[in-house]
Amino acid sequence: MLVLPDRDAAGEAADEAGERFGLNEEPQIVREALAGEDDAEDAQWLVVLEDPDGRLDTAALRVLAEEYDGWLEVG
């Protein structure tokens, strides 16, 4: 899952992920408060990538997230 600062960044990162990694399914974009966040304005935008076969390169995903001022959350 990519964690991004705003909706625009999440949308662009989701589109870019589809192009770079040839995803079969379009990533889901979700707004969610992370653990410890209690203010709705502090909610982050998540790009949820399904990878049941483990074929996505986490280093490449991390680079993609950082290009949009975000980070990769694995788990």
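Remember, it's a predicted structure, so these values are computed and weren't measured experimentally. Residue positions are given per chain, counting from 1 as you read along its sequence in written order. The predicted origin of the model limits local features to residues at a pLDDT of at least 70 and limits the giving and counting of side-chain atom pairs to 80 or more, whereas totals for whole chains, interfaces and linings rest on all residues. Excluded from the side-chain calculations are hydrogens and water; all other atoms, namely the structure's heavy atoms, are used.

Enquirer: An account of the overall build of the chain is requested, with residue identities and associated values reported.
Expert: Scanning the chain for helices and strands turns up two helices and four strands. Labels follow the DSSP assignment, with helices taken as runs of H or I lasting at least four residues and strands as runs of E lasting at least two, numbered in each case from the N terminus. Shown N-terminal to C-terminal, the secondary structure of the chain runs as helices and strands in the order β-α-β-β-α-β. The buried label goes to any residue with under 20% of its type's maximum accessible area, the exposed label to any with over 50%, and the partly exposed label to all in between, with areas taken from a 1.4 Å probe on protein chains only. Considering the chain as a whole, with its 75 residues, one finds that 33% of them fall into the buried category. Considering only contacts in the chain between residues 6 or more positions apart, those separated by 24 or more positions represent 59%. Contacts were defined at the residue level, with two residues in contact if any of their heavy atoms lie within 4.5 Å.

Enquirer: Residues and numbers for the sheet that holds strand S2 (residues 28-32), please.
Expert: Pairing between strands is defined by DSSP: at least two bridges between the two strands are required. Within the open sheet, the four strands sit side by side as S2-S3-S1-S4. Their pairing is antiparallel. Since the sheet does not close on itself, it has two edges, and those belong to S2 and strand S4 (71-72), each with one partner. Two elements, strand S1 (residues 2-4) and S4, share two bridges in a ladder whose sense is antiparallel. Following the sheet pairing, Leu 2 is matched in S4 by Leu 72.

Enquirer: Explain the nonpolar core to me, using residue names and the numbers behind them.
Expert: Membership of the largest hydrophobic core comes to 18 residues, with the highest contact counts inside it found for Leu 2, Leu 4, Phe 21, Val 47, Leu 49 and Leu 61. Elements represented by at least two residues in this core include exactly S1, helix H1 (7-21), strand S3 (44-48) and helix H2 (58-67). Tallying contributions element by element places H1 first for this core, with six residues. Excluding anything up to four places from it in sequence, Leu 4 contacts Ala 9, Ala 10, Ala 13, Gln 44, Trp 45, Val 47, Ala 65, Tyr 68 and Gly 70. Among buried residues, those of type Ala, Val, Leu, Ile, Met, Phe, Trp, Tyr and Cys that are joined through side-chain atoms within 4.5 Å constitute a nonpolar core.

Enquirer: How would you explain a negative patch on the surface if you had to name every residue and give the values?
Expert: Among the surface-exposed residues, Asp 6, Asp 8, Glu 12, Asp 15, Glu 19, Glu 26 and Asp 69 lie close enough to one another that they form a single negatively charged patch. Position of Asp 69 relative to the elements: it lies in the loop between H2 and S4. With relative accessibility at 66%, the residue Asp 69 sits in the exposed group. The patches reported here contain residues having more than 30% relative accessible area and no salt bridge. Joining distances are 9 Å for like charges and 5 Å for nonpolar side chains (Val, Leu, Ile, Met, Phe, Trp, Tyr). To measure how exposed things are, a 1.4 Å probe is used in the Shrake-Rupley method; for residues, cover is taken only from the protein chains shown. Any carboxyl oxygen of Asp or Glu within 4 Å of a side-chain nitrogen of Lys or Arg constitutes a salt bridge here. Neither His nor the chain ends contribute to the count of charged residues, in which Lys and Arg are positive and Asp and Glu negative. To locate a charge, the coordinates of NZ of Lys, CZ of Arg, CG of Asp or CD of Glu are taken.

Enquirer: Please give an account of the environment of Glu 16 that cites residues and values.
Expert: With respect to the helices and strands, the residue Glu 16 is situated in helix H1. Between the C-alpha atom of Glu 16 and that of Leu 64, which follows or precedes it by 48 residues, the distance is 8.1 Å. In this structure, Glu 16 is in contact with Leu 64 and Tyr 68, ignoring residues within four places of it in sequence.

Enquirer: Residues and numbers for H1, please.
Expert: Every helix has an expected span of 1.5 Å times one less than the residues it contains. The terminal C-alpha atoms of H1 lie 21 Å apart, and with 15 residues this matches the ideal 21 Å at 1.5 Å per residue to within 8%. Taken together, the buried positions of H1 are Ala 9, Ala 10, Gly 11, Ala 13, Ala 14, Ala 17 and Phe 21. Packed against the buried residues of H1 are S1, S2, S3 and H2. Immediately downstream of H1, the backbone of Gly 22 shows phi near 55 degrees, a positive value.

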